[in-house]
Amino acid sequence: YERQQAGAPWQATPTPLPGEAGQLALFREGGSLRAIVTGGGVANIAVASPPPPGSPPDLYPPLGEQSPGVTNSPVLRQTAEGWSDESHELDPVEQPAGGYASQDLPYRPDSIFAMLVDPGGAAGWAVGGDQGSREGLQTGDIERYPAGGSAPVGEGEVSVPLQTPGEQEAKEPAPATFAIGGHAECVAPCAARERAGVGPQVWLSAALALARKADARAFLYTGPSVTEGKVEGARVHPLPFAREFERTASILAPDPSFAPALVAAAPQDLDARSEGGGTEALFAGALSAELGEPVPGACVAEVNCHYYTMESTGTEGSVRVIVLDESSEVSQTQIGWLATELANAKSAGEPAIVVGSADLNAEIAANLAVAKTIAGTLEAGEASAYFYDSPEKNVHESLRWGGERVPTFGTGTLGYEQIYNQERSDFHGAGGILLAQLHLSARVAGSNRVPVSVRLIPVIGELALEAKDGILLRRSEPALFEGLARRPRAGSHANINSDEALEDPYVRIPSNCVGQECAVGLFPEYTFSSSNPEVGQFVEPNLAAAENLHAVRLGSNGKPIPDAESGLFCAYNPGTTTVTISAGGLSSSQPVTVQPGSVRQPCGTVPIKPRSAASAGTTVPVPPPSPAPAPNGSPPAGVAPVVPVPPPPPLVAARTPQAPPRPAPFFLPPVPTTPLLAFVPPPVPTPARPTPPSGTSAVTSPVEMAEHEEEQEEATESVSNQALAYSAPEHEPVPTYLLGIVLLAALAGASVGRRRRRDRRQLCVAPATLSSMRTQRNLTRRSRGGR
């Protein structure tokens, strides 16, 4: 309903609003009143009071009834023709028929709860997020309206380094790099929903783009390429295998600027259900036609045969990539072919890596003879590494057979993950790809093996740095920082009768693992850095103190241990620095100011290097990372691009409060006729300050009183979880007129009656003395104790 002015009759909008309205932002367009509507209403609101006077008719349900909420909340703009979808992300596609046990949710933008626009409706802000039933399912957004193309201040792109962050530059030639990803599997057929932003499709595409950015030679996909499609009861509708294979192949189709993707066959890729039947003819046909994968001559005599070899050449040297077919039990023909390929690689002096879908260690533990035979062949053929599909985990182990000299690496985190697994303390399934780097110049003596190092690069679409304790810190105190690394925005999975997502959309940074599984886990690569380590630096946390997130691990010298993978920051000296987090090819920065304070544990201080006179007076600010360039190609329909945040207003340096000008006397004192003793009023107390934190460690060395007093004064502008105690009578300055009244009473010979000792809230006039700061603080403490 709308009306053009107060008192005018209400009229229904010419075009009814689709759905329910949660918030309204009004503007004028050509003299007509218009609205921008968000659907961020809260579900099931009980109406307990009548609507206010002047409300439009029929807007409020009768008292006591429930008002339905909005599950999907787009931004709709009223126009002369009707309503315009400003989010461009509505998705009417429904779940496929077939009685599947779970469903793939389409991408839905986060709920927008409120809008603020200028009077003309041309620009504004939108805020919102999704409040899931668990903390891991909650999100938050601040978006510019309309969406612009510039990156937020302090955020941008960075390169994926060839070496692990923290390592020194190696003198050896650059390694040969391959990207490995796995398990981008939908829970139901999803090929027909390519424009709905279904999660595994979006994340597989993003993984391929990240592999290009890392300059990998090839992308190795460990499968599967079609959904398992679990159903409740008997299967009614057959899976559309051909369509599913074609969709996977289209995502992995080679880019002219990038090497082709290699795909391993998995058991789900057999074109039949019930499980265990069918062939892989459709799989091999679709991927060979789209990706151009070679098929060896040995496959002519076999039904299920999609194993092949690729020779990868580069400036660093040649590598032989061998892809196995483990969709069903591996035949002796394929094992013989594997032994031959490894022998040929050794004769040519080419290190070899092997890719499959099966976890050989798990099968060896289950006493499967064929797995032991494959493992023995890899050991005898001197393979440098074996990569496989590991659903919802990133792991590294040695192949537990023979001499255990073949390292194995499993990854399968390009699909859905269960929220209860993500919340475990030993979780090691962060969404990402492996970067396998073969150090060809460091060949193992007497063999064809080369060292292989593997890093987990998180696949994320947005990155922000959250200062848990604020960006105004006190010297020698620790502070927490976290990375908000969100996966590329896409749909999640849900139970068949629910539309609530079942996974955390954020990659946990920092990733602190505690538990038995941590020894074999691979964890996302990220770095925290400080532009001025003399002001502050990231240090190693003490994970043994589980209840104290600010616990710092000290070295043998009693100093904090630097740690670029920790989100725990130690403030060393007063000054400013820029802290930055880098992960997944993105970066985010925040300026941090450290205020003076005493030198104490756990952080203490570091010596400041002397600077020249020319540089001492000039501070060059650290520029923020360059804005992210526009992505290549257009994003898939239904997937929102990252909405940049406009630059904040320029920061204005806080000015030191100036003493107010002395007011005119409240009265003119008479000329005394008799000598008077000097009367000095009590000094004006200092402004109220937060109560200092308790429980800190004792100072281990003598500290001057001035330093101790500084430590008592907490930075009032910093964000912290400390309780504050404030008493206005203790801290507020004494008004001038009150001092004048007291002086009049003294001149007139009036006396102030004594009060009971316990009642200290009344004003007491002390003898004329000069009170020091220490005396004033003692009085304040006694005053508090009296209450």
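Look up: the structure comes first, before these words.
Residues numbered from 1 in each chain as written. Predicted model: local features only at pLDDT ≥ 70, side-chain atom pairs only at ≥ 80, totals over all residues. Heavy atoms only, no water.

Draft legend 1. Quick look at the overall build of the protein. Assigned secondary structure in the protein consists of 12 helices and 32 strands. Residues classed as buried in the protein amount to 42% of the 787 residues present. Of the contacts made within the protein by residues no fewer than 6 positions apart, 70% connect residues no fewer than 24 positions apart. In the form shown here, the protein has an accessible surface area of approximately 41,200 Å², with 56% of it arising from carbon and sulfur atoms. (Helix = DSSP H or I, 4+ residues; strand = E, 2+ residues; numbered from the N terminus. Buried < 20%, exposed > 50% of the residue type's maximum accessible area, 1.4 Å probe, protein only. Contact = heavy atoms within 4.5 Å. Areas by Shrake-Rupley, 256 points an atom, 1.4 Å probe, with all protein chains shown as cover.)

Draft legend 2. Geometry of helix α4 (residues 332–347). Between its terminal C-alpha atoms α4 stretches 23 Å, which fits the 22 Å expected from 16 residues at 1.5 Å a residue. Inspection of α4 places Q334, I335, W337, L338, E341, L342 and A345 among the buried residues, and these make up the whole buried set. All buried residues of α4 project into a common sector of 160° when viewed along the axis, lining one side. Opposite its buried face, α4 presents the exposed residues Q332 and S347, each directed more than 90 degrees away. Residues of α4 that are buried in the fold lie against β15 (308–312), β16 (319–323), β17 (352–355) and α6 (369–380). (Expected span 1.5 Å × (residues − 1). Arc of directions from axis to C-beta.)

Draft legend 3. The packing of aromatic side chains, seen in detail. Tallied over the full model, the rule gives 11 aromatic pairs. Ring centres of F245 and F283 lie 5.6 Å apart, and the angle between their planes is 70°; on these two criteria the pair is classed as edge-to-face. With a gap of 38 residues between them, F245 in helix α2 (residues 241–252) and F283 in helix α3 (residues 281–291) connect regions that are remote in the sequence. The class of F245 is buried, set by a relative accessible area of 0%. The class for F283 is buried, based on a relative accessible area of 0%. Consider the rings of F528 and F538, whose centres lie 5.0 Å apart with planes at 35°: the pair is tilted. Placement of F528 in strand β28 (residues 526–530) and of F538 in strand β29 (residues 536–539) is noted, with a sequence separation of 10 residues between them. Feature note: the residues F481, Y526, F528, F538 and F569 constitute an aromatic cluster, connected by ring pairs. (Phe/Tyr/Trp six-rings, centres within 6.5 Å; stacked < 30°, edge-to-face > 60°.)

Draft legend 4. Here's a closer look at the packing of helix α1 (residues 199–213) against α2. Between α1 and α2, the shortest axis-to-axis distance is 9 Å and the interhelical angle comes to 30°. Considering their axes alone, α1 and α2 lie roughly parallel with respect to each other. With respect to the hand of their crossing, α1 and α2 are arranged in right-handed fashion. Counted together, Q201, L204, S205 and L208 of α1 and R247, I251 and L252 of α2 form the full contact between these two elements. When its residues are assigned to classes, the contact of α1 with α2 shows four nonpolar, two polar and one charged. (Axes fitted to C-alpha atoms, helices over the stretch in contact; angles between N-to-C directions. Parallel < 35°, antiparallel > 145°, perpendicular 65-115°, else oblique. Left-handed = near helix turned anticlockwise from the far one by under 90°. Nonpolar A, V, L, I, M, F, W, Y, C, P; charged D, E, K, R; others polar.)

Draft legend 5. The pattern of salt bridges, seen in detail. Inspection of every chain in the model, using the stated rule, returns 22 salt bridges. Here R400 ties to E397 by a salt bridge, and the two come within 2.7 Å at their closest N and O atoms. Each of D110, D141, E462, R486 and R489 takes part in one network of salt bridges that share partners. (Salt bridge = Lys/Arg side-chain N within 4 Å of Asp/Glu carboxyl O.)

Draft legend 6. Expanded view of the state of the cysteines. For the structure on display, the rule yields three disulfides. In this model, C186 is linked to C190 through a disulfide, with the two sulfur atoms separated by 2.1 Å. Negative torsions about the S-S bond denote left-handed disulfides, and the value of about 80° found for C186 with C190 makes this one right-handed. In this structure, C186 and C190 share a single accessibility class: buried. (Disulfide = S-S within 2.5 Å.)

Draft legend 7. Highlighting the sheet that holds strand β8 (residues 112–117). A sheet is described by the order of its strands in space; here three strands give the open sequence β8-β9-β10, paired in antiparallel fashion. Edge positions in the sheet fall to β8 and β10 (141–145), since each has one partner strand and no second. Taking the axes of each pair of neighbouring strands and ignoring which way they run, one obtains an average angle of 20° across the sheet. Inspection of the sheet shows β8 paired to strand β9 (residues 124–128) by five bridges, in the antiparallel sense. (Pairing = 2+ DSSP bridges.)

Draft legend 8. Here's a closer look at the nonpolar core. Counting 48 residues, the largest nonpolar core has F178, L220, V321, I353, F387, L438 and F481 as its most contacted members. With residues near it in sequence (within four places) discarded, F178 still touches A216, R217, A218, L220, S312, V319, V321, I353, L434, L435, A436 and L438. F241, A249, L252 and I457 belong to the second largest nonpolar core, which has 34 residues in total. (Core = buried A, V, L, I, M, F, W, Y, C linked by side-chain atoms within 4.5 Å.)

Draft legend 9. Spatial organisation of unusual backbone geometry. Y145 connects to P146 through a cis peptide bond whose omega is -10°. Tracing the backbone shows P146 in the loop between β10 and β11 (155–157). The phi dihedral of H183 falls on the positive side, at around 65°, and the residue is not glycine. Mapped onto the fold, H183 is located in the loop between β12 (176–181) and α1. On the basis of relative accessibility, which here comes to 14%, the residue H183 falls in the buried class. One non-glycine residue, D215, adopts positive backbone phi at about 60°. With relative accessibility at 63%, the residue D215 sits in the exposed group.

Draft legend 10. Main features of the sheet that holds β15. Judged by pairing direction, the sheet is mixed, and its six strands sit side by side in the order β15-β16-β17-β18-β20-β19 without closing on themselves. In the strand order of this sheet, the two ends are held by β15 and β19 (394–398), each with one partner. Across the sheet, the mean angle from the axis of one strand to that of its neighbour is 20°, orientation sign disregarded. Sheet contacts for α4: β15, β16 and β17; angle to β16, the most-contacted strand, approximately 175°.

Draft legend 11. Region of the structure containing the pairing of β12. In terms of residue burial, β12 counts as a mostly covered element, since six of its six residues are buried. Residues of β12 alternate between two faces, with A176, F178 and I180 on one and T177, A179 and G181 on the opposite face, all of them buried.

Draft legend 12. Structural context of the side chain of R489. Tracing the backbone through its elements, the reader meets R489 in the loop between β25 (478–486) and β26 (493–495). The class of R489 is buried, set by a relative accessible area of 13%. A polar contact is formed between the side chain of R489 and the side chain of E462, at a distance of 2.7 Å. (Polar contact = N/O pair within 3.5 Å; in protein donor to acceptor, adjacent residues only side chain to side chain.)

Draft legend 13. Representation of the pairing of β25. Most of β25 is tucked away, with seven of its nine residues classed as buried. Bridge count between strand β23 (residues 462–467) and β25: six bridges; the pairing is antiparallel. Along β25, the bridge assignment pairs A467 with F481. Both β25 and strand β30 (residues 568–571) contribute to a ladder of three bridges, which runs antiparallel. The residue bridging A479 from the neighbouring strand is F569, located in β30.

Draft legend 14. Fine view of empty space enclosed by the protein. One pass over the structure, following the stated rule, counts one cavity of 30 Å³ or more. Counted as a void, the largest cavity has a volume near 140 Å³. Surrounding the largest cavity, 17 residues form its lining, A184, C186, C190, S225 and T248 being those nearest its centre. Broken down by secondary-structure element, the contributors of at least two residues to the lining of the largest cavity are α1 and α2. (1 Å grid on protein atoms, 1.4 Å probe; cavity = no way out; pocket = protein on both sides within 12 Å on 5 of 7 lines; lining within 4 Å. Points joined across faces, edges and corners; volume = space filled by probe spheres on them.)

Draft legend 15. Representation of the side chain of D389. In this fold, D389 is placed in strand β18 (residues 385–389). By relative accessible area, which is 9% here, D389 ends up buried. Only 3.1 Å separates the side chain of D389 from the side chain of H183, close enough to count as a polar contact. With residues near it in sequence (within four places) discarded, D389 still touches G182, H183, T222, G223, P224, G356, S357, T411 and G412.

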